[in-house]
Amino acid sequence: MTYRAIVLRLQAAQAVNGLGDGLWFTIWAIFFTRIQGIPAESMGLAVGIGGAVGLLAATPAGVLADRHGPREVLGVVIVLRGLAMGMYLLVGGFWSLLLVTICFTAVQSSGAGIRVALVYGLIPADKRMRVLAQSRVVQHIAYAAGAGIGAVVLSVDTKWIFVVAVLANAVTFLVTAGITVRVPHVPAVPAERRRGNTQAIRDMPYVTIMMSTAVLAFCWSILSSGLPLWIIGHTATGAWAAALAVALSSILIAAFQVQVSKDKGDIAKAVRSARLSGAALGMCCLVFALAAWPTSALVATIVIVAGVCVHVVGELYYVASRWSLSLGLMLRDAEGQYQGVQASSEAIAVAVGPAVVTMLVTGLGSTGWVLLGAILALSVVPTGPLTRWALRNPDRVAATPAAATPATGTPVTADAVTAAPAVVTPATAARATAGAAPVAGDTERKDSV
């Protein structure tokens, strides 16, 4: 299978998944409260607790990906997510919603890390960041389309349309799984090279870096929770400005994510990107605080737009640095569990972000924005020293030369993948470079996929 075909399938899977996610996250709160009849308080508690418990599954799922191959495990995880989505039609109270949410969040958080591990195994190092960035752009566009479909569901506002929407979302997961399992197989880590099941969570430099930089994931809570509440309660403009902020952010992310990410595979550049992200996100908080001062709706809106532009810079560089640090600082032959740690740490920040941002912004006003900005800016201060600590281990991906083919020592490139009669994945090449014996399935013939 050619490099281009692999990338197209990865992006197609991301597009279908993004479409379903956009639909679901537009309607889920109304579906649970109005259609399923669950009180809002019970719904919020069940979703919160269930989400927190479900996050614990990401690292064990990563271990399974190392043992059985990321493509196969990711396919199963996506199918299970579709089944969990269908089970939401059966919930009718706190306990049933809690149980299903635990299952749904477990496979959701697991899939995020395993997918990055799959991209790591399939895509050459010089193209990896670009593919991840392109996939995020595709997901943003599909998510917006799904949200548009969700708006139609909300406008029709009948039980049957919500049921159809939930079932349609479940189907998108099955389609995504079908596309995913059609990419080439990435070999599992051979038993003799397999690391301990708790290697990643015991790797303190890696865990500390992932946890500290994950604070920057509050950027999404700022846009979804803090800014809308601030606009409504403290500025001269209207609620429509919050929708404008989200739309503008999505457009700018889609326009610039690939450009920002393409040169961030180097660890030193990733550290600088993390620092830039922290500074930009800290600055956007100060700009949003200033939006409360103008008495003119137009001026307040201009200030908010300026804040969103600075926010986008922070988000773009956060995502790019996150990919580079999480991939470059892994230990080889444990890619799945390391990406599980990465996914879990970010998911925790995403889960607690709305509460933290809302508490600061609504409880402390402008002072809360200043404190939030300080938290974001300071969270990346230790990134440099922590990275140097991590790189003392020579087994880090970034501490070794680029993967090379065992025969020639030539770096694996996209052109080489396209031209060769077999796809040699970076994971396979790395194992060969390290002196491991070839394992069955290390290469995929064109006619085998």
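Note that this is a predicted model, so its numbers are computed, not measured.

Overview of the overall build of the chain
Part 1 of the argument: A count of helices and strands for the chain gives 18 helices and 2 strands.
Part 2 of the argument: Of the contacts formed within the chain by residues at least 6 apart in sequence, a portion of 84% connects residues at least 24 apart.
Part 3 of the argument: Of the accessible surface of the chain, which amounts to about 18,200 Å², a share of 69% is contributed by carbon and sulfur atoms.

A few points about the nonpolar core
Part 1 of the argument: Within the largest apolar cluster, 114 residues are counted, with the highest numbers of intra-cluster contacts made by Leu10, Trp24, Tyr88, Ile123, Trp369, Leu372 and Leu376.
Part 2 of the argument: Here this core takes 12 residues from helix 5 (residues 94–122), the largest share from any one element.
Part 3 of the argument: Excluding anything up to four places from it in sequence, Leu372 contacts Phe218, Ile222, Cys285, Val357 and Leu360.

Looking at a nonpolar patch on the surface
Part 1 of the argument: Taken together, the side chains of Val76, Val79, Leu80, Leu83 and Leu174 make up a nonpolar region of the molecular surface, amounting to roughly 410 Å² of accessible area.
Part 2 of the argument: Broken down by element, the residue count for the nonpolar patch peaks at 4 residues, all from helix 4 (residues 70–87).
Part 3 of the argument: By the element assignment, Leu83 lies in helix 4.

A look at the packing of helix 3 (residues 58–68) against helix 14 (residues 335–364)
Helices that pack against each other are described as a pair by the angle of their axes relative to one another and the distance between those axes.
Part 1 of the argument: The geometry of helix 3 relative to helix 14 is characterised by a closest axis approach of 6 Å and an angle of 160° between their N-to-C directions. On the basis of the axis angle, helix 3 is roughly antiparallel to helix 14. As for the relative orientation of helix 3 and helix 14, their crossing is right-handed in sense. Between helix 3 and helix 14, the contacting residues are Ala58, Thr59, Gly62, Val63, Ala65 and Asp66 on the first element and Glu335, Gly336, Gln337, Gly340, Val341 and Ser344 on the second.
Part 2 of the argument: The residue inventory of the contact of helix 3 with helix 14, partitioned by class, reads 4 nonpolar, 6 polar and 2 charged.

Let's talk about the packing of aromatic side chains
Part 1 of the argument: In total, this model carries 14 aromatic pairs according to the counting rule given.
Part 2 of the argument: For the ring pair Trp28 and Phe32, a centre distance of 6.1 Å and an interplane angle of 65° mean the geometry is edge-to-face. Placement of the pair is Trp28 and Phe32 together in helix 1 (residues 3–35), with a separation of 4 residues, close to one helical turn.
Part 3 of the argument: With a relative accessible area of 25%, Trp28 lands in the partly exposed category.
Part 4 of the argument: Exposure remark for Phe32: the relative accessible area of 2% places this residue in the buried category.
Part 5 of the argument: Consider the rings of Trp220 and Tyr318, whose centres lie 5.8 Å apart with planes at 65°: the pair is edge-to-face. One end of the pair, Trp220, is in helix 10 (residues 218–234); the other, Tyr318, is in helix 13 (residues 297–328), with 98 residues separating them in the sequence.
Part 6 of the argument: According to the relative accessible area criterion, Tyr318 is buried, its value standing at 1%.
Part 7 of the argument: Taken together, the ring pairs connect Trp24, Trp28, Phe31, Phe32, Tyr88, Phe104, Phe162 and Phe173 into an aromatic cluster.

Description of the confidence of the model for the chain
Part 1 of the argument: When the pLDDT values of the chain are averaged, the result is 84; 88% of them are 70 or greater.
Part 2 of the argument: Counted against residues more than four places away or in other chains, residues 402–449, with its pLDDT under 50, gives 80 contacts.

Observations regarding helix 3
Part 1 of the argument: Taken residue by residue, helix 3 has Ala58, Thr59, Ala61, Gly62, Val63, Ala65 and Asp66 as its buried positions.
Part 2 of the argument: The elements touched by buried residues of helix 3 are helix 4, helix 5, helix 8 (199–202) and helix 14.
Part 3 of the argument: Immediately beyond the C-terminal end of helix 3, within one or two residues, lies Gly69, with a positive phi of roughly 100°.

Observations regarding the side chain of Ser110
Part 1 of the argument: Here Ser110 lies in helix 5.
Part 2 of the argument: According to the relative accessible area criterion, Ser110 is buried, its value standing at 4%.
Part 3 of the argument: In this structure the side chain of Ser110 is engaged in a polar contact, spanning 3.4 Å, whose partner is the backbone oxygen of Ala57.
Part 4 of the argument: Each residue touching Ser110, except ones within four places of it in the same chain, is listed here: Ala57, Ala58, Ala61 and Val77.

Brief notes about helix 6 (residues 125–156)
Part 1 of the argument: Under the 1.5 Å per step criterion, the end-to-end length of helix 6 is 47 Å for 32 residues, consistent within 8% with the ideal 46 Å.
Part 2 of the argument: Taken as a whole, helix 6 has its buried residues at Arg128, Met129, Val131, Leu132, Ala133, Ser135, Arg136, Val137, Ala142, Gly146, Gly150 and Val153.
Part 3 of the argument: Taken from the residues just after helix 6, Asp157 is the one with a positive phi, measuring 55°.

Comments concerning unusual backbone geometry
Across residues other than glycine, the phi torsion is negative in most instances, and most of the peptide bonds are trans.
Part 1 of the argument: Non-glycine residue Asp157 carries a positive phi angle of around 55°.
Part 2 of the argument: Along the polypeptide, Asp157 turns up in the loop between helix 6 and helix 7 (159–180).
Part 3 of the argument: In the Ramachandran plot, Asp333 falls in the positive-phi region, its phi being about 70° despite a non-glycine side chain.
Part 4 of the argument: Considering the arrangement of structural elements, one finds Asp333 in the loop between helix 13 and helix 14.

Focus on the environment of Gly121
Part 1 of the argument: Topologically, Gly121 is positioned in helix 5.
Part 2 of the argument: Separated by 63 residues in sequence, Gly121 and Pro184 have C-alpha atoms that sit 9.7 Å apart.

Structural notes on the pattern of salt bridges
Part 1 of the argument: Inspection of the entire model under this criterion finds 7 salt bridges.
Part 2 of the argument: The partner of Asp157 in a salt bridge is Arg34, and the shortest N-O contact between them spans 2.7 Å. Pair noted here: Asp157 is in the loop between helix 6 and helix 7 and Arg34 is in helix 1, with a separation of 123 residues, a long-range link.
Part 3 of the argument: Note on Asp157: relative accessible area 28%, which makes it partly exposed.
Part 4 of the argument: You can call Arg34 exposed: its relative accessible area is 55%.
Part 5 of the argument: Measuring nitrogen to oxygen at the nearest pair gives 2.5 Å for the salt bridge that ties Arg136 to Glu315. Within this pair, whereas Arg136 is found in helix 6, its partner Glu315 is found in helix 13, the two being separated by 179 residues in sequence. Summarising the burial analysis for this pair, Arg136 and Glu315 share the class buried.

Scoring rules and cut-offs
- Positions within a chain are numbered from 1, following the residues in the order the chain's sequence is written.
- Only residues with pLDDT of at least 70 are given local features in this predicted model, and only at 80 or more are side-chain atom pairs given and counted; all residues enter the totals for whole chains, interfaces and linings.
- Values shown for side chains rest on all heavy atoms present in the structure; no hydrogens or waters enter the calculation.
- The numbering of helices and of strands both runs from the N terminus, where a helix is a DSSP run of H or I of at least 4 residues and a strand a run of E of at least 2.
- Should any heavy atoms of two residues lie within 4.5 Å, those residues are considered in contact.
- Areas reported here follow the Shrake-Rupley algorithm with a probe of radius 1.4 Å; residue values treat only the protein chains shown as occluding.
- Take the buried Ala, Val, Leu, Ile, Met, Phe, Trp, Tyr and Cys residues and link them wherever side-chain atoms come within 4.5 Å; each set so joined is a nonpolar core.
- Accessibility here uses a 1.4 Å probe with only protein chains present; expressed as a share of the type maximum, an area under 20% marks a residue as buried, one over 50% as exposed, and anything in between as partly exposed.
- Patch definition: residues with relative accessible area over 30% and no salt bridge; like charges joined within 9 Å; nonpolar side chains (Val, Leu, Ile, Met, Phe, Trp, Tyr) joined within 5 Å.
- For this document, the term salt bridge refers to a Lys or Arg side-chain nitrogen within 4 Å of an Asp or Glu carboxyl oxygen.
- Note on geometry: axes are C-alpha line fits, over the in-contact stretch for helices, and angles between N-to-C directions span 0 to 180 degrees.
- We call two directions roughly parallel when the angle between them is under 35 degrees, roughly antiparallel when it is over 145, roughly perpendicular when it lies between 65 and 115, and oblique otherwise.
- The handedness criterion is simple: a crossing whose near helix is rotated anticlockwise from the far helix by less than a right angle is left-handed, and one whose near helix is rotated clockwise is right-handed.
- Each residue receives one of three labels: charged for Asp, Glu, Lys and Arg, nonpolar for Ala, Val, Leu, Ile, Met, Phe, Trp, Tyr, Cys and Pro, and polar for the others, Gly being one of them.
- Stacked, edge-to-face and tilted are the three classes for Phe, Tyr and Trp ring pairs, Trp counted by its six-membered ring, which pair at centre distances within 6.5 Å; planes under 30 degrees apart are stacked, over 60 edge-to-face, the rest tilted.
- Across the chain, each position has a pLDDT score giving the predictor's confidence in that residue, from 0 to 100.
- The term polar contact refers here to a pair of N or O atoms within 3.5 Å; inside protein, the definition further demands a hydrogen-donor-capable atom paired with an acceptor-capable atom, and it admits residues adjacent in sequence only when both atoms are side-chain atoms.
- Helix span, expected: 1.5 Å multiplied by one less than the number of residues in the helix.

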